[in-house]
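# Report on the structure
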Amino acid sequence: MSRAAPDPKRNMGEPAPRVDGRLKVTGEALYASDFSVRNPAFAFLVTSSIAKGRIKEIDLADALGVPGVLDVLTYENTKLNEVKYSTGGGGAATSWQNLGPEIGHDGQIVAVVLADSFEAAREGAYRTKISYAAEKPSSTFGSPGVTQEDASKANERAKELPQAGDAEAAISSAEVTLDAEYGTPTQHHNPIELFTTTCVWNDDELTVYEPSQFVFGLKNGVAQKLSIPAEHVRVVSPFVGGAFGSKAQLSPRTSFIAYAAKKLNRPVKLVVTRDQGFTVQTYRAETQHRIRFGAHRNGKIVGFIHEGQEITSRPDPYTVAGVEDSARLYHYGAVKTHVTIVHADRNTPGFMRSPPVVPYIYALESAMDELAIKLEMDPVELRRVNDSMTDSMGKQWSSRSLMQCYDEAAKAFGWQQRDARPGSMRDGDWLIGWGCASAVYPTHVGAAAARVRLIADGHARVQIAAHEIGTGVRTVVAQMAAERLGIPVSAVTVETGDTELPPSPVAGGSNQTASCCSVVMKACDAIRAKLAPQQSTVGSNTGAQESLADSFKRLKLGAIEEYAEFLPPGAKPDAIKNLYAGKPYLGGGSHGEKLMYAMGAEFVEVRVHAQTREIRVPRIVGAFAAGRLMNTRTARSQYMGAMIWGISSALHEATEIDTRNARYVNDNLADYLVPVNADIQQLEVILVPEEDNFVNPAGVKGIGELGNVGTAAAVANAVYHATGIRVRQLPIRLEKLLTI
Ligand code: MOS
């Protein structure tokens with residue numbers, strides 16, 4: 001098949017407005033719980049008030065006496081199959097999948113009250129009396145009773161962590177050394193759209209309306225839990241109101257609602273409350289780090305050791321093992337890495353935007369700043385000295401534009417004017433600090449399928465079960481189809497978020513644009529080949545000899561439809577079959593023939609009030625290189641949101657744990673702090689051009705998660721520059737800057 005080189009000056013890269021923007025702002029876009037179903041019953045969850053122990057007794061008399069209450073599911077009347085836990089991808093988000101009687105964490109689902117109205121269900125939940133035999137829980141690092149496990153033995157993802165040479169020896173004989181510890185707190189995704197599930201049966205056919213980052217995973221998981229054929233389950237999720245990793249895997253709630261709908265022979269609708277969302281779904285686990293460096297006086301690093309510790313639940317070996325990435329960002333000579341999993345009586349954590357790199361690169365980039373200070377070197381220059389086109393293990397980067405990002409961001413920020421002495425840049429009562437840090441995120445691409453239909457009148461329809469989680473996937477897919485078919489974006493309709501459509505992988509790991517665009521490109525090119533086998537391009541804006549209408553006339557066709565499957569390098573031939581079965585294949589990052597990563601540099605100005613220690617971030621500049629950009633408008637929007645989240649991680653966000661009860665304290669949006677408009681002032685995004693045709697046919701590196709990596713370190717580094725105080729435990733709150 002002939003294929004013209006894509007021309008990035010055409011539709012791709014255009015700052016096209018979102019194709020679904022109008023639907024969203026007018027409220028016409030239907031989110032899962034917006035679908036109206038006939039005569040629904042309403043569900044309300046009852047969650048455990050203890051973190052560890054057993055249910056002793058359940059008394060439903062009061063609950064069943066509430067007018068409108070229809071039934072209450074408990075472990076005594078409901079037992080479903082269990083789906084194997086997996087860390088990310090498909091599979092279940094937790095091993096705690098039934099309604100007891102064992103209790104493994106605070107807020108575990110123990111009963112589901114079903115009623116004619118939401119209010120009656122809620123009242124029934126309050127009147128459900130459960131008594132427990134409680135044991136003392138272990139809540140987090142340092143709590144008595146936690147158990148430790150070597151991540152490389154417990155989880156396939158951490159099996160072979162990067163090692164090179166003798167790092168201990170290299171550090172002990174180095175001219176300059178650093179040994180520092182860092183920590184990051186628990187965080188919760190808190191998507192604005194709550195966790196909802198609506199289930200409808202039509203005889204043996206089940207339809208699940210649920211916001212999802214992986215509809216095929218959900219379909220297959222629910223089928224397995226209920227012992228029904230997967231062909232009998234349809235999942236519908238056309239729009240998702242924020243997810244960030246929290247809606248990627250099968251959650252226990254879904255199958256309870258499906259089971260309830262069958263039992264009542266009536267549709268059932270559940271909207272999980274904000275506070276319950278903290279425990280019935282996943283979260284970002286707290287981490288601890290010890291980083292050791294050895295370096296020459298000229299800044300060349302000769303040894304690097306990164307040891308991480310991560311919290312997880314009792315049964316599940318969840319780990320992000322971000323040493324995979326921290327150990328490659330620079331050339332260190334010798335490398336040693338290790339990750340320890342710490343099991344506590346907690347719900348199982350899960351992926352949250354930039355899962356491995358947010359905590360591990362925060363630690364690395366803080367340590368780099370501390371090393372630069374020890375070396376009396378500019379922190380940008382320290383990165384330059386250790387920049388390399390191969391990592392310490394000898395693998396090459398497919399492309400790497402880290403220093404271009406630094407140079408562009410430094411220039412825009414005015415970094416040259418920085419006086420390196422801490423506390424030296426004062427403006428009245430405000431201590432000014434400037435700091436910087438690197439962003440890095442692995443480039444993933446997955447097996448995917450799509451169907452494209454081009455009609456003789458110049459309209460096209462693209463069908464792919466992609467996930468519109470706010471990233472703009474419909475828009476970039478429309479742009480890709482428009483570009484390859486030579487028609488305007490406005491002539492393309494994109495259908496997503498439904499298991500009736502060809503599957504795409506889990507919308508995680510920032511793979512979606514690369515995977516979806518690669519397969520849609522393939523389907524469009526097949527249509528093009530049928531239309532004009534002699535030409536490589538068709539359509540009006542290519543200057544081709546024959547118009548689209550004439551091509552169809554010559555072929556005596558009204559439309560051409562092509563179904564395509566895309567297999568990235570490394571995918572086995574059965575990858576598409578597995579995808580239909582709910583098991584996605586994702587390749588890339590550090591696991592391919594070359595290292596595939598997107599990179600960036602962020603520069604931050606902070607102002608710390610000399611008396612009150614109030615911390616402000618008046619200015620942030622980020623420069624990012626991530627291969628070809630499908631749409632500069634949606635790309636910029638991803639980076640902005642991510643950098644704001646980074647500021648949030650640095651200064652605001654933390655889920656507080658009552659360690660006596662292993663319970664989350666601030667499980668609401670009033671107490672769980674995130675930035676508001678007044679917290680964010682100047683924010684500049686620089687898109688650094690980069691071409692990488694190795695990563696995938698579309699040349700796209702993912703950007704959904706890159707922008708909030710490194711931000712917290714840049715802020716921490718700036719806070720040190722302003723005050724001379726190094727905060728090594730996030731978030732940085734003013735009480736940590738009090739010196740008296
Ligand atoms: Mo993202 S945390 O990989 O869904």
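Residues numbered from 1 in each chain as written. Predicted model: local features only at pLDDT ≥ 70, side-chain atom pairs only at ≥ 80, totals over all residues. Heavy atoms only, no water.

With that settled, the discussion passes to the overall build of the chain. Within the chain, the regular secondary structure consists of 18 helices and 28 strands. Computed over the C-alpha atoms, the radius of gyration of the chain is 26 Å, within 12% of the 27 Å expected from 2.2 N^0.38 for a compact globule of 740 residues. With respect to the three principal axes, the spread of C-alpha positions in the chain is 80 × 75 × 50 Å. Across the 740 residues that make up the chain, the buried fraction comes to 63%. Put simply, 81% of the contacts in the chain that link residues at least 6 apart link residues at least 24 apart. Put simply, the chain has 77 plus and 82 minus side-chain charges, and the middle of one group is 2 Å from the middle of the other. (Helix = DSSP H or I, 4+ residues; strand = E, 2+ residues; numbered from the N terminus. Rg over C-alpha atoms; globule rule 2.2 N^0.38 Å. Buried < 20%, exposed > 50% of the residue type's maximum accessible area, 1.4 Å probe, protein only. Contact = heavy atoms within 4.5 Å. Lys, Arg positive; Asp, Glu negative; His and termini not counted. Charge placed at Lys NZ, Arg CZ, Asp CG, Glu CD.)

This part covers helix H18 (residues 711–723). Between its terminal C-alpha atoms H18 stretches 18 Å, which fits the 18 Å expected from 13 residues at 1.5 Å a residue. Taking burial as the measure, the 13 residues of H18 include 13 buried ones, the bulk of the element. Following H18 by one or two positions, glycine 724 adopts a phi angle in the positive range, close to 80°. (Expected span 1.5 Å × (residues − 1).)

Here we have seven strands laid out as an open sheet, ordered E3-E5-E1-E12-E9-E10-E11, and mixed in their pairing. With one partner strand each, in any of the chains shown, strand E3 (69–73) and strand E11 (233–236) form the two edges of the open sheet. Recorded for the sheet is a direction-independent mean angle of 20° between the axes of neighbouring strands. Here E3 runs beside strand E5 (residues 109–115); their pairing, made up of four bridges, is antiparallel. Counterpart to aspartate 71 in the pairing with E5 is leucine 114. Along the sheet, helix H3 (residues 118–126) contacts strand E1 (41–47), E3 and E5; its crossing angle with E1, the most-contacted strand, is approximately 25°. (Pairing = 2+ DSSP bridges. Axes fitted to C-alpha atoms, helices over the stretch in contact; angles between N-to-C directions.)

Glancing now at the sheet that holds strand E15 (residues 334–343). Taken together, five strands build an open sheet; the order of strands is E7-E15-E14-E13-E8 and the sheet is mixed. Every other strand in the sheet has two partners, leaving strand E7 (147–150) and strand E8 (176–184) as the edge strands with one partner each. Taken pair by pair, the neighbouring strands of this sheet meet at an average axis angle of 15°, ignoring direction. Judged from the four bridges that link them, E7 and E15 form a sheet pairing that is antiparallel. Across the sheet, aspartate 150 pairs through a bridge with threonine 340, a residue of E15. On the sheet, helix H10 (residues 357–375) packs against E8, strand E13 (287–295), strand E14 (301–312) and E15 and is oriented at approximately 145° with respect to E8.

In terms of nonpolar packing, the biggest core is built from 92 residues, with Phe293, Leu364 and Phe603 touching the most fellow members. The element that contributes the greatest number of residues to this core is H10, accounting for 11 residues. The contact partners of phenylalanine 293, leaving out residues within four places of it in the chain, are Ile171, Val176, Thr177, Leu178, Ile301, Gly303, Phe304, Tyr332, Leu364, Ala367, Met368 and Leu371. (Core = buried A, V, L, I, M, F, W, Y, C linked by side-chain atoms within 4.5 Å.)

The tally for this structure, following the rule as stated, stands at 21 aromatic pairs. Judged by centre distance (4.7 Å) and plane angle (25°), the rings of phenylalanine 35 and tyrosine 209 are stacked. Of this pair, phenylalanine 35 sits in the loop between helix H1 (21–26) and E1 while tyrosine 209 is found in strand E10 (residues 205–209), placing the two residues 174 residues apart along the sequence. Under the relative-accessibility criterion, phenylalanine 35 is labelled buried at 19%. (Phe/Tyr/Trp six-rings, centres within 6.5 Å; stacked < 30°, edge-to-face > 60°.)

Moving on, we come to the pattern of salt bridges. Taken as a whole and judged by the stated rule, the model has 46 salt bridges. For glutamate 307, the salt bridge goes to arginine 292, with nearest N and O atoms at 3.0 Å. Here glutamate 307 is found in strand E14, whereas its partner arginine 292 is found in strand E13, with 15 residues between them in sequence. Exposure remark for glutamate 307: the relative accessible area of 27% places this residue in the partly exposed category. Taking the relative accessible area as the measure of exposure, arginine 292 reaches 13% and is therefore buried. Two residues, arginine 484 and glutamate 483, come together in a salt bridge whose shortest N-O distance is 3.7 Å. Accessibility assignment for this pair places arginine 484 and glutamate 483 in one class, buried. When salt bridges that share partners are traced, they join Glu168, Arg292, Glu307 and Lys336 into one network. (Salt bridge = Lys/Arg side-chain N within 4 Å of Asp/Glu carboxyl O.)

Right, let's get into the pairing of E1. Taking burial as the measure, the seven residues of E1 include five buried ones, the bulk of the element. Looking at chain direction, E1 and strand E12 (residues 268–271) are connected through three bridges and run parallel. Across the sheet, alanine 43 pairs through a bridge with leucine 270, a residue of E12.

A few words now on the confidence of the model for the chain. This prediction gives the chain a mean pLDDT of 95; 96% of its residues lie at or above 70. Below pLDDT 50 for its whole length, residues 1–9 participates in 22 contacts with residues either more than four positions away or in separate chains. (pLDDT = per-residue confidence, 0-100.)

It is worth spelling out the packing of helix H17 (residues 632–651) against H18 at this point. At a closest axis distance of 7 Å, the pairing of H17 and H18 adopts a crossing angle of 55°. The angle between the axes of H17 and H18 places the two elements in the oblique class. Relative to H18, the crossing made by H17 is right-handed. Where H17 abuts H18, its residues Met643, Gly646, Ile647, Ser649, Ala650 and Leu651 lie against Thr711, Ala712 and Val715. Among the residues making up the contact of H17 with H18, the classes are represented as six nonpolar, three polar and no charged. (Parallel < 35°, antiparallel > 145°, perpendicular 65-115°, else oblique. Left-handed = near helix turned anticlockwise from the far one by under 90°. Nonpolar A, V, L, I, M, F, W, Y, C, P; charged D, E, K, R; others polar.)

A word on the state of the cysteines. Here the structure, examined in full by the defined rule, presents zero disulfides. A disulfide-free cysteine, cysteine 436 has its sulfur positioned 13 Å from the sulfur of cysteine 405, the nearest such atom. (Disulfide = S-S within 2.5 Å.)

Right, let's get into unusual backbone geometry. That bond from glycine 100 to proline 101 is cis: its omega, 5°, falls within 30 degrees of zero. One can find proline 101 in the loop between E3 and strand E4 (102–103). Omega for the bond connecting leucine 730 with proline 731 falls within 30 degrees of zero, at -5°, which places this linkage in the cis form. Mapping proline 731 onto the fold places it in the segment after H18. Positioned with a positive phi, serine 510 is a non-glycine residue whose angle comes to about 55°.

Turning next to the side chain of glutamate 562. Here glutamate 562 shows up in strand E22 (residues 559–566). Here glutamate 562 falls in the buried class, since its relative accessible area comes to 13%. Polar side-chain contacts of glutamate 562 include one of 2.4 Å to the side chain of lysine 530. Those residues in contact with glutamate 562, other than ones at most four positions away along the chain, are Ala450, Arg451, Val452, Ala523, Ala526, Ile527 and Lys530. (Polar contact = N/O pair within 3.5 Å; in protein donor to acceptor, adjacent residues only side chain to side chain.)

Bridge count between strand E2 (residues 53–59) and E4: two bridges; the pairing is antiparallel. Pairing of arginine 54 across the sheet is with glutamate 102, part of E4. Where E2 lies against strand E6 (residues 129–134), six bridges are found, and the strand directions are antiparallel. Bridged to arginine 54 within E6 is alanine 133.

Let's shift gears to empty space enclosed by the protein. Vacant regions in the atomic arrangement are exposed by a probe of water-molecule size rolled over the atoms. Per the counting criterion, the structure on display carries seven cavities of 30 Å³ or more. The calculated volume of the largest cavity comes to roughly 130 Å³. Surrounding the largest cavity, 17 residues form its lining, Thr94, Trp96, His105, Pro252 and Val280 being those nearest its centre. Sorting the residues of the lining of the largest cavity by element identifies helix H7 (252–264) and helix H8 (274–280) as the ones contributing at least two each. (1 Å grid on protein atoms, 1.4 Å probe; cavity = no way out; pocket = protein on both sides within 12 Å on 5 of 7 lines; lining within 4 Å. Points joined across faces, edges and corners; volume = space filled by probe spheres on them.)

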